[in-house]
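Results of the structural survey
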Amino acid sequence: MFHFTESEEQRRMLDKASEIMVKYVFPNEKYMVPHRGLPDEILKPLQQIVKDNGLWAAHLPKEYGGMGMGFVSLGLLSEVIGQSPIGPYIFGSMAPDAGNGEILVHAATEDQKEKYLRPLANYDIRSCFAMTEPEVSGSDPRTLQGTAVKDGDEWVINAHKWYTTGAEGAAFAIAMVVTDPAADPYHRTSLFIVDTDNPGFEIVREVPVLGDHYVGGHCEVRFSNCRIPEKNMLGRRGEGFKLAQLRLGPGRITHAMRWIGVARRSLNEMIDYSLTKKDGKKTLADSQIIQNYIADSEAEIQASRLLTLHAAWKMDQGDESRKEVSLIKFYGAQVLNNVIDRAIQTLGMYGLTPNTPLEGLYREARAARIYDGADEVHRMVVARHVLKEYQEKERLNEPAAVPK
Amino acid sequence: MSNTIVDIELEILKKTVHAFIKDHVLPAEHAPEKYVKELSEEVVAHLQTEAKKAGLQALHAKQEWGGTGLSLSARAVLLEEAAKHRLGLYHPAGDAFGGDFPSFLDKCSREQIDKYIKPAISLGKGCFVAVWEEQEDNHLDSLTTTAIKDGTEWIINGHKAFIQNMAQSSFGVILVNCQLENGDYQPALFLLEANQLSIKETVMIDVQSTHSIVLENIRVNDCQRVGAIGEGTALVQHWLAEAQVLLGAKSIGIATKALEFGKQYAMIRITRGKPLAEFPTIRTMLAKSFLNLQAARLMVSDAAKKIESKEQNWQLAAQMAKLQATETASKVIDDIVQIHGGSGFAGDLPIERWYKEIRIARVNLQKAETIMENIADIIL
Ligand SMILES: Cc1cc2nc3c(=O)[nH]c(=O)nc-3n(C[C@H](O)[C@H](O)[C@H](O)COP(=O)(O)OP(=O)(O)OC[C@H]3O[C@@H](n4cnc5c(N)ncnc54)[C@H](O)[C@@H]3O)c2cc1C
């Protein structure tokens, strides 16, 4: 069964979301503050419009105020709202809160859900995820050094983290630290919920970075003898690695589809400019060079989009889709960067001025090749899977087919 | 205009610049916990005093004007070295050597030299060049700013954009089309003082200040003209070729420094039980960077020599060197960002700034598409 069209229900959802983007999201981009996003007085009413239209927090189940839909639908919606850096905030599906919400849905106790998930789902509070440490390779989370030690009915956390996105202004952090140093590398860590007003939690600084679209910055934080009650462990002891992985799968679908939204928007900027900008009697769009840029971008966007929707569809069938998810992570991130780069090239110096969204998108996009697994790691994963698949085949010359 | 410098002397000067960056510029930029975007005027003034002591000021300006009077080839070598710090691509040596003095200033009269150039050199400033117009795609022959004669004066109307280093300049030169008596237009250059203009600042990719000016009935005296009427484009072309070579050299400078960071990081960062430097993907990135930087460096030095001797296709050599050097540097810096992971995206290291500035360099002073077209024109 192949069909490449949205269901009627999906179409309605996408049309509505597009209408909100045009009417309320793009026109408000001018109020965006670097690393802070929209001021609350502008943001909150816009979020209400999204809620009233039933498009809020697509990643969450209905019981928490979300839309409770499959990955394909989630991906399709992410593509629309991802076109604008403020889109995910207005639609209640921004990183890292979306991923944190998903972990809470899966692993939190009822009390934790009441205290943290409900207000998070409603954007009454924000959160952050503290895993990466400056001292060790984030690509290899088995090497994390931060610890939590049991002391009576409390845990005492000592850790130094950075790239804790959104920490500034967050109400709580989910921290990933070592609780069982003697266990095998995949069962050493556990997750904890830490209120940011805990005296043992400190934001050392907001790290200056290339991109400025994320609200609350990318912070360096420190947990110093940070005492938290036993009940703030999230999930089971030793499950840190597993739960962090769980957060990443769906996150990569939404990221990849958001990137496609950004790439599409950048391509549109390029097309718009090339149709109006005259080079003598002709427009830039008459030039074969620019036409090649347009064609290559279109090809890459389509390819990445189909790869992503295919991965989402497999996940909807209950498959983990490890290979597919890794494919879209590194391929999609590259496509994103390629298309924005061509758009800037077409506009020339003008493309680097703040008169178009391109320069801001260009700076932010570079991170996509690093966060949630660097290119090199995902290529390694894909190659391993493909090699294994080949070795498991019985014949050399199987008919070409969509990989299983 | 240059001293003939033998290789040995140049090698010594290069070492001087290297030591100057290490002893003065890097410490000036070093501010733990702070994100340095520029140097204060006092710091620049101090650097300039130190540079003067080392005999490094206004590298291009003639010695009789108070400059160092170095050839283009020599400047290319020295500026590659001088660029090797955070602000280095567009502010080599932290502006310690003063501003730029485009080659067409050789055409200046004695009065012009006394009025504009000498004071600039002693102030540690230079000369800005107002050539491009907004969205003009770097074509010198499609510019629209005009000047109309009125007695001994010219009345200029039009606009200029993407003027660089305005803050480092005490005067500038503008390219305009002068209306002749027969109604035809011919390009010419005029000296301008910054304070007679209305100036707008635009920040490019969050990192570089450029300026645009609108000229509405701006009057300049004919004695502010540099070179003959009709000569303007040719003079600008020569400046452009030199500027392209130097931009190429500076791009190679920051990329070479980036490669140093990359090598060091790859040797100490451990993942999956071994340093990054042992992963073939990373080794290839580093090796390719090294290889391509050397190729680009040779093209830059070749172009500098061709411009100096006005060899056939000297302009093309300059364009090709600029293209090769900026594209190479861009790829190197991109790879080095990647090797650093999160640290590459952060502004603690200068790589983050270079990533932005090299994107400017790629469209600055003619972009790839224009240069490719010019190459095709010549070889076909
Ligand atoms: C914008 C942004 C937001 C982020 N938000 C968060 C957040 O909210 N919470 C959080 O905990 N973290 C966050 N991170 C951190 C991110 O997850 C890490 O940067 C990432 O996991 C890479 O880790 P690292 O930076 O330590 O790089 P390293 O692991 O040191 O890797 C550096 C580079 O080495 C190379 N490399 C690594 N492994 C291999 C290999 N096996 N083979 C070949 N080459 C390899 C790659 O080129 C990689 O880029 C964020 C990062 C960014 C840039």
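Residues numbered from 1 in each chain as written. Chains lettered and ligands numbered in written order. Predicted model: local features only at pLDDT ≥ 70, side-chain atom pairs only at ≥ 80, totals over all residues. Heavy atoms only, no water.

The helix and strand tally for chain A stands at 11 helices and 10 strands. Viewed in the frame of its principal axes, chain A has a C-alpha envelope of about 80 × 65 × 40 Å. Evaluated residue by residue, chain A yields a buried proportion of 56% over its 404 residues. For chain A, the share of sequence-separated contacts (at least 6 apart) that also reach a separation of at least 24 residues comes to 72%. About 17,700 Å² of surface is accessible on chain A, with carbon and sulfur atoms providing 53% of the total. Across chain A, 48 positive and 55 negative side-chain charges occur, with their mean positions spaced 3 Å apart. (Helix = DSSP H or I, 4+ residues; strand = E, 2+ residues; numbered from the N terminus. Buried < 20%, exposed > 50% of the residue type's maximum accessible area, 1.4 Å probe, protein only. Contact = heavy atoms within 4.5 Å. Areas by Shrake-Rupley, 256 points an atom, 1.4 Å probe, with all protein chains shown as cover. Lys, Arg positive; Asp, Glu negative; His and termini not counted. Charge placed at Lys NZ, Arg CZ, Asp CG, Glu CD.)

Before going further, it helps to spend a moment on the domain arrangement of chain A. Residue and element names in this part refer to chain A. The domain architecture assigned to chain A consists of domain 1 (8–121), domain 2 (127–238) and domain 3 (242–395). Relative to domain 3, the C-alpha centre of domain 2 lies at a distance of 30 Å. Every contact between the two is made by 11 residues of domain 2 and, on the other side, 12 residues of domain 3. In total, about 1,000 Å² of surface goes out of reach between domain 2 and domain 3, with carbon and sulfur atoms giving 60% of it. Three residues, Leu 210, His 213 and Tyr 214, lead the burial of domain 2 against domain 3; their summed loss comes to 45% of the area buried on that side. Salt-bridge contacts for Arg 363 lead to Asp 212; the nearest nitrogen and oxygen are separated by 3.3 Å. Where domain 2 touches domain 3, the interface holds 5 residue pairs in polar contact (both at pLDDT 80 or more). (Domains from an automatic or database assignment. Buried area = accessible area lost by both parts, 1.4 Å probe. Salt bridge = Lys/Arg side-chain N within 4 Å of Asp/Glu carboxyl O. Polar contact = N/O pair within 3.5 Å; in protein donor to acceptor, adjacent residues only side chain to side chain.)

Turning to the domain arrangement of chain B, a few remarks are in order. Residue and element names in this part refer to chain B. Domain boundaries assigned for chain B yield domain 1 (7–100), domain 2 (129–230) and domain 3 (233–379). Centre-to-centre, using C-alpha coordinates, domain 2 lies 30 Å away from domain 3. Counting residues at the interface gives 18 residues for domain 2, matched by 17 residues for domain 3. Counting the surface lost from both domain 2 and domain 3, the interface buries some 1,500 Å², and carbon and sulfur atoms represent 67% of this. On inspection of domain 2 and its partner domain 3, the count reaches 1 salt bridge. Where Lys 356 meets Asp 206, a salt bridge forms, and the shortest distance between an N and an O atom there is 3.8 Å.

A few words on the UniProt feature "domain: Acyl-CoA dehydrogenase/oxidase N-terminal" (unreviewed entry) in chain B. What UniProt calls "domain: Acyl-CoA dehydrogenase/oxidase N-terminal" (unreviewed entry) maps, in this numbering, to residues 9–121 of chain B. A helix fraction of 50% and a strand fraction of 0% characterise residues 9–121 of chain B, whose end C-alpha atoms lie 24 Å from each other. (UniProt positions renumbered as here; feature names shortened; annotations may be inferred.)

Chain B puts 40 residues into the contact, and the matching count from chain A is 48 residues. Contact between chain B and chain A buries roughly 3,800 Å² in total, counting both sides, with carbon and sulfur atoms accounting for 54%. Of all residues in chain B, the largest losses of buried area upon contact with chain A belong to B:Arg272, B:Gln338 and B:Phe345, amounting jointly to 21% of the total for that side. There are 6 salt bridges connecting chain B and chain A. Between the two partners, chain B and chain A, sit 25 residue pairs in polar contact (both at pLDDT 80 or more). The set of elements that each furnish at least two residues to the side of chain B that touches chain A consists of β6 (198–204), β9 (270–271), α6 (280–308), α7 (314–340), α8 (342–345), α9 (351–363) and α10 (368–379) of chain B. Among the elements that make up the side of chain B that touches chain A, the one with the highest residue count is α9(B) (7 residues). Looking at the side of chain B that touches chain A, its residues break down into 14 nonpolar, 13 polar and 13 charged. (Nonpolar A, V, L, I, M, F, W, Y, C, P; charged D, E, K, R; others polar.)

Here the UniProt feature "domain: Acyl-CoA dehydrogenase/oxidase C-terminal" (unreviewed entry) sits at residues 238–387 of chain A. Secondary structure across residues 238–387 of chain A divides into 75% helix and 3% strand, with the first and last C-alpha atoms of the span separated by 31 Å.

Residue and element names in this part refer to chain A. In this chain, Ala 95 is followed by Pro 96 through a cis amide linkage whose omega measures 0°. You can see Pro 96 is positioned in the loop between α4 (87–90) and α5 (97–107). A positive phi is found at His 35, a non-glycine position, where the angle reads about 65°. One can find His 35 in the loop between α1 (8–25) and α2 (40–52).

This brings us to the pattern of salt bridges. Across all of its chains, the model carries 49 salt bridges over all chains by this definition. Residue A:Glu19 pairs with A:Lys16 through a salt bridge whose shortest N-O separation is 3.6 Å. One end of the pair, A:Glu19, and the other, A:Lys16, are both in helix α1, 3 residues apart, so they sit about a helical turn from each other. Note on A:Glu19: relative accessible area 37%, which makes it partly exposed. Note that B:Arg353 is salt-bridged to B:Glu357, the shortest N-O span being 3.3 Å. With B:Arg353 and B:Glu357 both in helix α9 and 4 residues apart, the pair spans about one turn of that helix. With a relative accessible area of 5%, B:Arg353 lands in the buried category. Each of A:Asp212, A:Glu359, A:Arg363, B:Asp206, B:Glu352 and B:Lys356 takes part in one network of salt bridges that share partners.

Attention now moves to a nonpolar patch on the surface. Together, A:Phe2, A:Phe4 and A:Leu306 line one region of the surface with nonpolar side chains, adding up to about 400 Å² of accessible area. Its location among the elements puts A:Phe4 in the segment before α1. (Patch = residues over 30% accessible without salt bridge, like charges linked within 9 Å, V, L, I, M, F, W, Y side chains within 5 Å.)

Near the ligand you find 28 residues, and of these A:Ser137, A:Ser139, A:Thr165, B:Arg269 and B:Gln338 are the closest. The contact in question runs from an oxygen atom of the ligand to an N or O atom on the backbone of A:Met131, over 2.9 Å. The separation between an oxygen atom of the ligand and a polar side-chain atom of A:Ser139 is 2.6 Å. Its free accessible area being 970 Å², the ligand has 95% of it covered by the protein chains. (Near = heavy atom within 4 Å.)

With that settled, consider the nonpolar core. A:Phe91, B:Phe97, B:Leu105, B:Ile117 and B:Ile333 are the most contacted members of the largest nonpolar core, which totals 201 residues. The element contributing the most residues to this core is helix α5 (residues 232–268) of chain B, with 17 residues. Apart from residues no more than four positions distant in its own chain, B:Ile117 is found in contact with B:Trp65, B:Phe101, B:Leu105, B:Cys108, B:Gln112 and B:Phe171. One finds A:Ala175, A:Phe192, A:Val221 and A:Cys226 within the second-largest nonpolar core, a separate group that totals 20 residues. (Core = buried A, V, L, I, M, F, W, Y, C linked by side-chain atoms within 4.5 Å.)

Think of two packed helices as two axes; the pair is described by the angle between the axes and how far apart they sit. Residue and element names in this part refer to chain A. Running from amino to carboxyl end, helix α7 (residues 240–276) crosses helix α9 (residues 322–347) at an angle of 20°, the nearest separation of the two axes being 9 Å. Of the possible angle classes, the one that applies to α7 and α9 is roughly parallel. The handedness of the crossing between α7 and α9 is left-handed. Residues Arg 252, Ile 253, Ala 256, Trp 259, Val 262, Ala 263, Ser 266, Leu 267, Glu 269, Met 270, Tyr 273 and Ser 274 of α7 lie in contact with α9, whose contacting residues are Val 325, Ile 328, Lys 329, Gly 332, Ala 333, Leu 336, Val 339, Ile 340, Arg 342, Ala 343, Thr 346 and Leu 347. Tallied by class, the residues present in the contact of α7 with α9 amount to 16 nonpolar, 4 polar and 4 charged. (Axes fitted to C-alpha atoms, helices over the stretch in contact; angles between N-to-C directions. Parallel < 35°, antiparallel > 145°, perpendicular 65-115°, else oblique. Left-handed = near helix turned anticlockwise from the far one by under 90°.)

Before going further, it helps to examine the packing of aromatic side chains. For the structure shown, the criterion picks out 12 aromatic pairs over all chains. Their ring planes at 15° and their centres at 5.5 Å tell us that A:Tyr362 and B:Tyr355 sit as a pair that is stacked. In this pair, A:Tyr362 sits in helix α10 (residues 358–365) while B:Tyr355 sits in helix α9, so the two residues belong to two different chains. For the pair A:Tyr362 and B:Tyr355, a shared accessibility class is recorded, and that class is buried. Note on B:Phe20 and B:Phe97: the rings are 6.0 Å apart at their centroids and 40° apart in plane angle, and the pair reads as tilted. Placement of the pair is B:Phe20 in helix α1 (residues 7–29) and B:Phe97 in the loop between α3 (72–82) and α4 (110–123), with a sequence separation of 77 residues. (Phe/Tyr/Trp six-rings, centres within 6.5 Å; stacked < 30°, edge-to-face > 60°.)

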